[in-house]
Amino acid sequence: MRKKGQIRIASFMLILSLAFGLTACKENQDATTESGQTENVSTESGQKSQSTEKGSTESASAESGSTESGQAELYGSPWIDGIVTGNLPAEKPEAKDNLYLHYNYDVIAEHQGQQYVPVMEKMAEIKTYFAQYMASGNLTDAKDGSYKKAELEQLSILYQQASDLETLGKTGLSEVQPYLDRIKNVKSLSELNEVLAAEDFPFSPYLYLLVSTADLSGVNTVVVYPEFQFVDNMEGAMNFQDSEDENVTNARLQSLTEAQMKTLQHLQLLGCGADEAKQKIAELFSFEKSYGKDAYFSYRYQDSEYGAYSKCEEQMSLDELAALCPNYPVKETVLKFGKGGSPSYSVFEKNWLNTFNSVWTEENLELLKTMTMVKVLDECYLYLDPALYDSMRASIGQPAMDAATNAVTVCDQTTTFAHLISEMYIADHYAQEDIDKLNRVTSDLIASYKEMIEQSSWIDEKTKEAMLLKLKEMRLCILAPDGGYVDFSTLSLTKSEDGGTLFQNYLKMKAWMNETMNKTIGQPSVAQCSWNYYTPDTVNCFYDPFTNSINILPGFTASGMYRSDMSEEELMAKIGWVIGHEIGHGFDFLGSQYNAYGRGESIFIGNSLDAYLEKVKKLVAYLDTMEILPGIQGLGNGWKTEAGADLIGLEAVMQTVRKNSSFDYEKFFENTAYAYAQVLPSDAVMRMYLYADAHPTYYIRTNVNVQMFKELYSTYDLKEGDGMYLPEDQRIHFYMEEK
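These remarks concern the structure in this document. Please read these numbers as outputs of a predicted model, since none were measured by experiment.

### Focus on the overall build of the chain
Here is step 1: Regarding its fold elements, the chain presents 29 helices and nine strands.
Here is step 2: By residue count, 62% of the 739 residues in the chain fall in the buried class.
Here is step 3: Of all intrachain contacts in the chain linking residues separated by at least 6 positions in sequence, the fraction that spans at least 24 positions is 77%.
Here is step 4: Total accessible area on the chain is roughly 25600 Å²; 47% of this is exposed by carbon and sulfur atoms.

### Regarding the side chain of Thr535
Here is step 1: Here Thr535 lies in the loop between α21 (502-518) and β6 (541-544).
Here is step 2: In this structure the side chain of Thr535 is engaged in a polar contact, spanning 3.1 Å, whose partner is the side chain of Asp537.

### Notes on the pattern of salt bridges
Here is step 1: Considering all chains together, one arrives at 29 salt bridges under this definition.
Here is step 2: Of the charged contacts in the structure, one is a salt bridge between Lys262 and Asp378, with a shortest N-O distance of 2.5 Å. Within this pair, whereas Lys262 is found in helix α10 (residues 257-269), its partner Asp378 is found in helix α15 (residues 365-380), the two being separated by 116 residues in sequence.
Here is step 3: A relative accessible area of 1% means that Lys262 is categorised as buried.
Here is step 4: Glu314 is paired through a salt bridge with Lys350; the nearest N and O atoms lie 3.3 Å apart. Here Glu314 is found in strand β3 (residues 313-316), whereas its partner Lys350 is found in the loop between β4 (345-348) and α14 (351-359), with 36 residues between them in sequence.
Here is step 5: What makes Lys350 partly exposed here is its relative accessible area of 27%.
Here is step 6: Connected through shared salt-bridge partners, Arg563, Asp565, Glu570 and Lys574 make up one network.

### Side note on the pairing of β4
Here is step 1: Here β4 shows no split at all, with Tyr345 and Val347 on one side and Ser346 and Phe348 on the other all buried.
Here is step 2: Two elements, strand β2 (residues 220-226) and β4, share three bridges in a ladder whose sense is parallel. Residue pairing in the sheet places Val223 in a bridge with Ser346 of β4.
Here is step 3: Across four bridges, the pairing between β3 and β4 is antiparallel.

### A short note on the side chain of Ser592
Here is step 1: Positionally, Ser592 belongs in the loop between α23 (568-584) and α24 (606-624).
Here is step 2: Setting aside chain neighbours within four positions, we find Ser592 in contact with Tyr306, Lys470, His585, Gly586, Phe587, Glu601, Ser602, Ile603, Phe604 and Tyr612.

### A word on the environment of Gly591
Here is step 1: Positionally, Gly591 belongs in the loop between α23 and α24.
Here is step 2: Taking the C-alpha atoms as reference points, Gly591 and Phe546, 45 residues apart in sequence, are found 9.0 Å from one another.

### Comments concerning the nonpolar core
Here is step 1: Core analysis: the biggest nonpolar cluster contains 233 residues, and Phe130, Val176, Leu321, Phe356, Ile583 and Tyr735 have the highest contact counts within it.
Here is step 2: For this core, the element with the highest residue contribution is helix α25 (residues 636-657), accounting for nine residues.
Here is step 3: Leave out the neighbours within four places in its chain, and Phe130 touches Leu155, Tyr159, Val408, Cys411, Ile421 and Met424.
Here is step 4: Membership of the second largest hydrophobic core comes to six residues, among which are Cys477, Trp531, Tyr534 and Leu553.

### Topic: the packing of aromatic side chains
Between two aromatic rings, the relevant description is the distance of the centres plus the angle of the planes.
Here is step 1: Taken as a whole, this structure holds 52 aromatic pairs when the rule is applied.
Here is step 2: Residues Tyr225 and Phe348 carry aromatic rings whose centres are separated by 5.6 Å and whose planes lie at 10 degrees to one another, so their mutual orientation is stacked. Here Tyr225, found in strand β2, pairs with Phe348, found in strand β4; they are 123 residues apart in sequence, far enough to count as distant.
Here is step 3: Judged by its relative accessible area of 1%, Tyr225 is buried.
Here is step 4: Residue classification places Phe348 among the buried positions, given a relative accessible area of 1%.
Here is step 5: Where Phe230 meets Phe285, the ring centres are 5.6 Å apart and the plane angle is 80 degrees; that geometry is what we call edge-to-face. With Phe230 in the loop between β2 and α9 (246-253) and Phe285 in helix α11 (residues 274-292), the pair connects residues that are 55 residues apart, well separated along the chain. Per residue, the accessibility class of Phe230 equals that of Phe285, and both read buried.

### Overview of the sheet that holds strand β7 (residues 549-552)
Here is step 1: The three strands lie next to each other as β5-β7-β6, forming an open sheet whose pairing is mixed. The open sheet terminates on both sides in strands that have one partner only, identified here as β5 (475-478) and β6. Recorded for the sheet is a direction-independent mean angle of 10 degrees between the axes of neighbouring strands.

### What about helix α5 (residues 149-163)?
Here is step 1: With 15 residues, α5 extends 20 Å between its outermost C-alpha atoms, agreeing within 8% with the 21 Å of an ideal straight helix rising 1.5 Å per residue.
Here is step 2: Taken as a whole, α5 has its buried residues at Glu151, Leu152, Gln154, Leu155, Ser156, Ile157, Leu158, Tyr159, Gln161 and Ala162.
Here is step 3: If you follow the buried residues of α5, they end up packed against α4 (125-136), α6 (165-171), α17 (403-411), α18 (418-429) and α21.

### What to know about helix α19 (residues 432-455)
Here is step 1: In a regular helix each residue adds 1.5 Å, so 24 residues correspond to 34 Å; α19 covers 34 Å between its end C-alpha atoms and thus fits that length.
Here is step 2: Taken residue by residue, α19 has Asp434, Leu438, Val441, Thr442, Leu445, Ile446, Ser448, Tyr449, Met452 and Ile453 as its buried positions.
Here is step 3: Buried residues in α19 make contact with α18, α20 (461-473), β5, β7, α23 and α25.

### Section: the packing of α19 against α23
Here is step 1: α23 packs onto α19 with a crossing angle of 60 degrees between their chain directions and a minimal axis gap of 10 Å. Comparing their axes, α23 and α19 come out oblique. Seen from above, α19 lies across α23 with right-handed handedness. Here α19 contributes Lys437, Leu438, Arg440, Val441, Thr442, Leu445, Ile446 and Tyr449 to the contact with α23, which in turn contributes Glu568, Leu571, Met572, Ile575, Gly576, Ile579, Gly580, Ile583 and Gly584.
Here is step 2: Of the residues contributing to the contact of α19 with α23, the split by class is 10 nonpolar, four polar and three charged.

### Some thoughts on the sheet that holds β4
Here is step 1: If you walk across this open sheet you meet the four strands as β1-β2-β4-β3, and the pairing is mixed. Each end of this open sheet is capped by a strand with a single partner; those strands are β1 (207-213) and β3. Taking the axes of each pair of neighbouring strands and ignoring which way they run, one obtains an average angle of 30 degrees across the sheet.
Here is step 2: Sheet topology places β1 next to β2; seven bridges connect them, and they run antiparallel.

### What about the packing of helix α7 (residues 177-184) against α15?
How two helices pack is summed up by the angle between their axes together with the distance between the axes.
Here is step 1: One can describe the packing of α7 onto α15 by two numbers: an axis separation of 9 Å at closest approach and a directional angle of 165 degrees. Taken together, the axis directions place α7 and α15 in an arrangement best described as roughly antiparallel. Note on packing geometry: the crossing formed by α7 with α15 is right-handed. Listed contacts from α15 to Leu180, Ile183 and Lys184 of α7 are Lys369, Thr372, Met373, Val376 and Leu377.

### Observations concerning the environment of Asp444
Here is step 1: Examined against the element boundaries, Asp444 turns out to sit in helix α19.
Here is step 2: Asp444 sits in the partly exposed class, given a relative accessible area of 30%.

### Some remarks on the environment of Met513
Here is step 1: Its place among the elements puts Met513 in helix α21.
Here is step 2: Since its relative accessible area comes to 13%, Met513 is described here as buried.
Here is step 3: Beyond its immediate sequence surroundings of up to four residues, Met513 is in contact with Thr414, Thr416 and Phe488.

### Regarding unusual backbone geometry
Here is step 1: With an omega dihedral of 10 degrees, the bond running from Ser77 to Pro78 counts as a cis peptide bond.
Here is step 2: As for its placement among the helices and strands, Pro78 is situated in the loop between α2 (17-20) and α3 (99-110).
Here is step 3: With phi around 50 degrees, Glu349 is a residue other than glycine that occupies positive phi space.
Here is step 4: Counting through the fold element by element, Glu349 comes out in the loop between β4 and α14.
Here is step 5: For Glu349, a relative accessible area of 18% gives the class buried.
Here is step 6: With a phi angle near 50 degrees, Asp717 is a residue other than glycine that sits in the positive phi range.
Here is step 7: If you trace the backbone, Asp717 turns up in the segment after α29 (710-716).

What counts, and where the lines are drawn
- Residues numbered from 1 in each chain as written.
- Predicted model: local features only at pLDDT ≥ 70, side-chain atom pairs only at ≥ 80, totals over all residues.
- Heavy atoms only, no water.
- Helix = DSSP H or I, 4+ residues; strand = E, 2+ residues; numbered from the N terminus.
- Buried < 20%, exposed > 50% of the residue type's maximum accessible area, 1.4 Å probe, protein only.
- Contact = heavy atoms within 4.5 Å.
- Areas by Shrake-Rupley, 256 points an atom, 1.4 Å probe, with all protein chains shown as cover.
- Polar contact = N/O pair within 3.5 Å; in protein donor to acceptor, adjacent residues only side chain to side chain.
- Salt bridge = Lys/Arg side-chain N within 4 Å of Asp/Glu carboxyl O.
- Pairing = 2+ DSSP bridges.
- Core = buried A, V, L, I, M, F, W, Y, C linked by side-chain atoms within 4.5 Å.
- Phe/Tyr/Trp six-rings, centres within 6.5 Å; stacked < 30°, edge-to-face > 60°.
- Axes fitted to C-alpha atoms, helices over the stretch in contact; angles between N-to-C directions.
- Expected span 1.5 Å × (residues − 1).
- Parallel < 35°, antiparallel > 145°, perpendicular 65-115°, else oblique.
- Left-handed = near helix turned anticlockwise from the far one by under 90°.
- Nonpolar A, V, L, I, M, F, W, Y, C, P; charged D, E, K, R; others polar.

Here it is, written out as structure tokens:
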């Protein structure tokens, strides 16, 4: 995958860390938590911060508005959303006035004071299944041949070693200590560079090397990103940005607690006292921010001129790459991990390498040594004694690890067996008719997109040709990556009785996975690469413009967004809209800047581009009219990519279902509302998500999109004056042309 953070620029659902206490961090190797301040604040790796700094007319100084009598005053225009505790009207509104709240009123009323998202209730479904499977001891290969007993035997070794808390407790830090000592004992920057470049030092603390593709019609190459400690490697750089908007700044600060506390624990294990560790965290964060602020994040381009996004990547030789940062052993690191044979090297926003070079100096040696040791611990801590980190878990409200939880956590990593676990779940829970149904829905939606593009009068023929080619070449990774999962059959971990340990087997698996990925360098590009850098049991989906692939993750369907007994109306309102949304990302403000093969080349040209941008402008303007909190309006410009994909995707769904004369639109609209049921406990939490997520708030995602379609008006007999009514000349369509 071009970047594990792609899940953030094109995801359909927001994973709510405050509600579920997720701990993805670098545990998933795809989702580093974000930290950097010495005070409070935290996030879960699936979060993303808004790049926009617009939309707030003033800071909301109170949790909610109030009347002179002191009574809470309801807010929200054109709808009272009700999803924030204390902002629920006394009576359920009619569907014609607020579709979202009409259908979700009872569940929202029942969960006031909580943080609640019904669709996320089963987000641990795959992990729960896996724990039960391993407890049964029945390790047999899949009947359909999708996974093999040989793979399960390797998985079982890791599971058993991660379950053995007694042995892990006795081992403590002893296995990782020699690596830490090598760093601690260096006397100069050149010695530190020698350690980092050494073949027997199996870590890359500052460079994240991915096998991906610069061109789907070409071959896989190597992509280089910064390896961060406090924020996500791919999109986290947005949290290093300074903002004049206090709301944006505070939302970014909300993303720091978990990584801060984990780093604090690392420092204490390195011998720092509590006060000294807090001071060092501030120093380390300042160091990382100095170059991290220049690194890539996709939403930097929301405010940029159309076309800038596709120009942020550069291809270069290894020598050219190394020349960007001569103080650091860039070339030696690439060669050490066997990636010297790449036809080229891709870098996004290369300025971070220049800035990194300016701080990788002799004067900073002690700070660099500390940061390097922290990063080594951060990569390895899951494979050490979990009790070492009990105080960190307690500080963020998580219990100490028990044997089963630790085993599941260790196995469910992208560097271990996350893909195999998802593959097992799919094989055991989905019949072929389920897979066929989802593929049928996808095929129908692709056909509808084709029809809409061909029928759109505002698109010129050359643009239509580029759009249709993009549809034709799109990789459809529905519950499995195009090109298949990684086959673990050739892996050979060492059993405990033969002297193997959890940490040793982690390093062994890491080396094996590195070699496995290296074999794809120079080989024809496949979208499988999109699945190799995060856990597919994540409750999310994404579009990757670099592989032109839509990706519907097993974790998303397992969360409750798909059931085999769904009616056609529920199927299309939930998973159908999800698939349509992800396809739509190929034609939204950012995705459309890449062509059918993932090259930076706009599919819109000339007058078609002008017409498209006018549609985006109209959507942004409408979203800006929404009152979200007292004094805070909608963030149309920051939402325009996700909001655009929402509307484009629903257009494709409507184009599809209109072919079914017996389709029940009332049931369909009811389920579009159910898909986004949500309760937040306070204005403060709403404010955090408002500025920390590129999607519009849930009730807006429902109401704004459905009110664009004539079926809503006929189903509920909408008339001017009704809350859901929007005059026909104000309705927005991208590719569908209403008649």
